[in-house]
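Chain by chain, the residues run as shown.
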Amino acid sequence: MFYTIVGTQWGDEGKGKIVDWLSSKADLVARFQGGNNAGHTIKVDKNVYKLNLLPSGIIRNKKCLIGNGVVLDPWALIREISNLREQKILIDKNNLFIAENVCLILPIHKLIDEVNEESRGDDLIGTTKKGIGPAYEDKIGRRAIRLCDLNDLKNLKLKIKNLYNFHKPRLDQFKKITDYEKTFTDLVKISEQISIFSSPVWKIINDAGKQNKFILFEGAQGSLLDIDFGTYPYVTSSNTSSGQIFSGTGFGIKENHNILGITKAYTTRVGSGPFATELNDEIGNHFVDKGQEFGTVTKRRRRCGWFDSVLVKQSIAINGITNIVLTKLDVLDDLKEIKVCIGYDDGNKKYNYLPFDEKLQKNLFPIYETLPGWQSSTYGLTSWNDLPKNAQNYISFLEKTIEKGISIISTGPDRIHTIDRNNLLSNS
Ligand code: GDP
Ligand code: IMO
Ligand code: MG
């Protein structure tokens, strides 16, 4: 049984909660892209766990894999492991496996991330400044330092030197000081702590696939942040869509694959870029307050707006999504009316998809359908029949516009605040 979890919007859809919920049955949980730009919050009773790099299955002591498609900041990983151990989460070489060929984020990548943003003037991407983009650039440029390079310290030093020299002229222009020897000695100091997790992830995952184990692939970010299909250039530097699971882990088995698209009942985004249904009014503020829409990684206030069915429908196609999980329904509880975007208009032409032209994306006006709210609490509900009629109608309307069934509805941050409409969990 293979499940993939992907975000269908601009990230922060509640993927962590759903991975945690599904991972109760999983044998393996694998990350296949992104890095510690991700922030997945999981609430279990009174405990709140914040995960950036580690797959969310670690909370349930599942075997967790970090695939080669991830970019890994070793210092961030050590901090995350240490924080989770303080929360009594067990992490050792029996439950964490990191691909030998994963590329590392080094201090220089964070500097380049800063410089790249600085050189854009007012037109910022609004990155998390974790060095994600520059680390992927070095991977594609065939200069990156990989986890397996820690096995050969002599060559490692040379590789780091070459990498730093490559970037030096530009960093000098911005008066950023780099020191390859320091990076080398700092990396050597922690190399054993990281190398113990180094594994042939592609092999572990294919062996598990052959034995028909339950494998859960945990996506980070969302489809609108995908380097190819997102709102380029205001995107992250990886493919966030489900196709990436194969090249990001080495997994080669494609049958029996369920792809769950995690979708917020409204829309949010962190960082810059077009956002047709954004609300800069009291309703937008209400989403921020009630939905606690502040970034896990950067603590930035998330931009909020109405549900955009055009974007979600597009994400469903690109990811091959089999089921939608609708999260944060409870955040809409107090509203008298709820709008849903069903198309765009640029003044000349109507669109039923998001065109790629950057300028056009900024000038699309949403065409809305307005539905009545339910103005009663859905918080924590666990059964479809207990939902107010108008909440059921809202969900049915979304299903119609996105042309996909909504199988799971999340009504609160806790594991148990979940409506499993088709018994997806109990049947899997
Ligand atoms: P991710 O990046 O997709 O894993 O999402 P985040 O963890 O960054 O953001 C989702 C936030 O919403 C987290 O704080 C969750 O605890 C919370 N959350 C998830 N599902 C629900 C829900 O149904 N209702 C409410 N109120 N909060 C939720
Ligand atoms: P999760 O997994 C929301 C955004 C950043 C910025 C853009 C590029 O929690 O859903 P980067 O540092 O990746 O180069 O920044 O992508 N971004 C996210 N937004 N949720 C995330 O992850 C994100 N990861 C990156 O805000 O706009
Ligand atoms: Mg997040």
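Residues numbered from 1 in each chain as written. Chains lettered and ligands numbered in written order. Predicted model: local features only at pLDDT ≥ 70, side-chain atom pairs only at ≥ 80, totals over all residues. Heavy atoms only, no water.

This brings us to the sheet that holds strand E10 (residues 215-218). Across the sheet, which stays open at both edges, the 10 strands sit in the order E9-E7-E5-E2-E10-E1-E11-E15-E19-E20 with mixed pairing between neighbours. Every other strand in the sheet has two partners, leaving strand E9 (198-199) and strand E20 (418-420) as the edge strands with one partner each. Lying over the sheet, helix H12 (residues 389-402) contacts strand E15 (323-327) and strand E19 (406-410), oriented at roughly 135° with respect to E19. (Pairing = 2+ DSSP bridges. Helix = DSSP H or I, 4+ residues; strand = E, 2+ residues; numbered from the N terminus. Contact = heavy atoms within 4.5 Å. Axes fitted to C-alpha atoms, helices over the stretch in contact; angles between N-to-C directions.)

Once that is clear, we can look at the pattern of salt bridges. Per the stated rule, a full pass over the model turns up 24 salt bridges. Close ionic contact of Lys203 with Asp207 constitutes a salt bridge, the shortest N to O distance being 3.4 Å. Of the two residues, Lys203 and Asp207 both sit in helix H7 (residues 201-210), four residues apart, roughly one turn of that helix. Among the residues examined, Lys203 registers a relative accessible area of 39% and is labelled partly exposed. For Asp207, a relative accessible area of 29% gives the class partly exposed. When salt bridges that share partners are traced, they join Asp12, Lys264, Glu293, Arg302 and Lys328 into one network. (Salt bridge = Lys/Arg side-chain N within 4 Å of Asp/Glu carboxyl O. Buried < 20%, exposed > 50% of the residue type's maximum accessible area, 1.4 Å probe, protein only.)

Looking now at the site of ligand 1. For ligand 1, the set of nearby residues contains 17 residues, the closest of which are Lys15, Gly16, Thr41, Asp330 and Ser410. Between ligand 1 and Gly39 there is a distance of 2.8 Å, counted from an oxygen atom to a backbone nitrogen or oxygen. Contact distances for ligand 1 include 2.8 Å between a nitrogen atom and a side-chain N or O atom of Asp330. Per element, the largest residue contribution to the shell around ligand 1 is three residues, and it comes from helix H1 (residues 15-22). Among the residues forming the shell around ligand 1, the class breakdown is one nonpolar, nine polar and seven charged. Residue-level mapping places the shell around ligand 1 at the junction of two domains, with at least three residues from each of domain 1 (2-99 + 198-257) and domain 3 (263-420). (Near = heavy atom within 4 Å. Polar contact = N/O pair within 3.5 Å; in protein donor to acceptor, adjacent residues only side chain to side chain. Nonpolar A, V, L, I, M, F, W, Y, C, P; charged D, E, K, R; others polar. Domains from an automatic or database assignment.)

Here we take up the coordination of the magnesium ion (ligand 3). For the magnesium ion (ligand 3), the protein coordination sphere consists of Asp12 (OD) and Gly39 (O), at 2.0 to 2.1 Å. Taken together, the residues span a long stretch of sequence, with Asp12 in the loop between strand E1 (2-7) and H1 and Gly39 in the loop between strand E2 (28-31) and strand E3 (40-44) at a distance of 27 residues. A relative accessible area of 22% places Asp12 in the partly exposed class. (Donors = N, O, S within 2.8 Å, 3.2 Å for Na, K, Ca; no water.)

Right, let's talk about the domain arrangement of the protein for a bit. How big an interface is tends to be reported as the loss of accessible area on association of its parts. Assigned domains within the protein: domain 1 (2-99 + 198-257), domain 2 (103-194) and domain 3 (263-420). At the junction of the two partners, domain 1 supplies 24 residues and domain 2 supplies 23 residues. Note on domain 1 versus domain 2: buried area summed over both sides is about 1,900 Å², and carbon and sulfur give 65% of it. Three residues stand out in domain 1 for area buried against domain 2, namely Val71, Trp75 and Tyr234, and they jointly supply 32% of the buried area on that side. (Buried area = accessible area lost by both parts, 1.4 Å probe.)

With the rule as written, the count across this model stands at zero disulfides. Free of any disulfide, Cys341 has its nearest neighbouring cysteine sulfur in Cys304, separated by 16 Å. On the basis of relative accessibility, which here comes to 0%, the residue Cys341 falls in the buried class. (Disulfide = S-S within 2.5 Å.)

For the rest of this paragraph, the subject is the packing of helix H5 (residues 153-173) against helix H6 (residues 180-195). At their nearest, the axes of H5 and H6 sit 9 Å apart, and the two run at 140° to each other. As far as their axial angle goes, H6 and H5 are oblique. As for the relative orientation of H5 and H6, their crossing is right-handed in sense. Across from Leu153, Leu156, Lys157, Ile160, Lys161 and Tyr164 in H5, the residues of H6 making contact are Tyr180, Glu181, Thr183, Phe184, Leu187 and Val188. Looking at side-chain class alone, the contact of H5 with H6 contains eight nonpolar, one polar and three charged residues. (Parallel < 35°, antiparallel > 145°, perpendicular 65-115°, else oblique. Left-handed = near helix turned anticlockwise from the far one by under 90°.)

Now for the nonpolar core. Core analysis: the biggest nonpolar cluster contains 105 residues, and Leu54, Leu329 and Tyr394 have the highest contact counts within it. When residues in this core are grouped by element, the largest group, six residues, is from H12. For Leu54, the contacting residues outside a window of four places in its chain are Ile66, Leu77, Glu80, Ile81, Leu84, Ile91 and Leu96. Counting 11 residues, the second-largest nonpolar core is a separate cluster that includes Trp10, Cys341, Tyr351 and Leu364. (Core = buried A, V, L, I, M, F, W, Y, C linked by side-chain atoms within 4.5 Å.)

Moving on, we get to the packing of aromatic side chains. Throughout the structure, instances matching the rule amount to eight aromatic pairs. With centroids separated by 5.3 Å and ring planes inclined at 15°, the aromatic side chains of Tyr3 and Phe214 adopt a geometry described as stacked. Taken together, the residues Tyr3 in strand E1 and Phe214 in the loop between H7 and E10 connect sequence positions 211 residues apart. We classify Phe214 as buried; its relative accessible area is 7%. (Phe/Tyr/Trp six-rings, centres within 6.5 Å; stacked < 30°, edge-to-face > 60°.)

Okay, the side chain of Glu80 next. Within the secondary structure layout, Glu80 lies in helix H2 (residues 74-86). We note that Glu80 is buried and unpaired, the nearest opposite charge coming from Arg31 at a distance of 6.8 Å. Excluding anything up to four places from it in sequence, Glu80 contacts Leu51, Asn52, Leu53 and Leu54. (Lys, Arg positive; Asp, Glu negative; His and termini not counted.)

Most of E15 is tucked away: five of the five residues are buried. Of the two faces of E15, the one lined by Asn323, Val325 and Thr327 and the one lined by Ile324 and Leu326 are each fully buried. Inspection of the sheet shows strand E11 (residues 257-264) paired to E15 by five bridges, in the parallel sense. When the sheet's bridge partners are listed, Gly261 is paired in E15 with Ile324. Here E15 pairs with E19 via three bridges, running parallel. Counterpart to Ile324 in the pairing with E19 is Ile406.

Turning next to the site of ligand 2. Lining the immediate environment of ligand 2, one finds 20 residues, of which Asp12, Lys15, His40, Thr128 and Thr236 sit closest. Contacts to ligand 2 include Asn37, whose side-chain N or O atom sits 2.9 Å from an oxygen atom. Here ligand 2, which alone exposes 550 Å², has 98% of that area covered by the protein. The residue inventory of the shell around ligand 2, partitioned by class, reads seven nonpolar, 10 polar and three charged. (Areas by Shrake-Rupley, 256 points an atom, 1.4 Å probe, with all protein chains shown as cover.)

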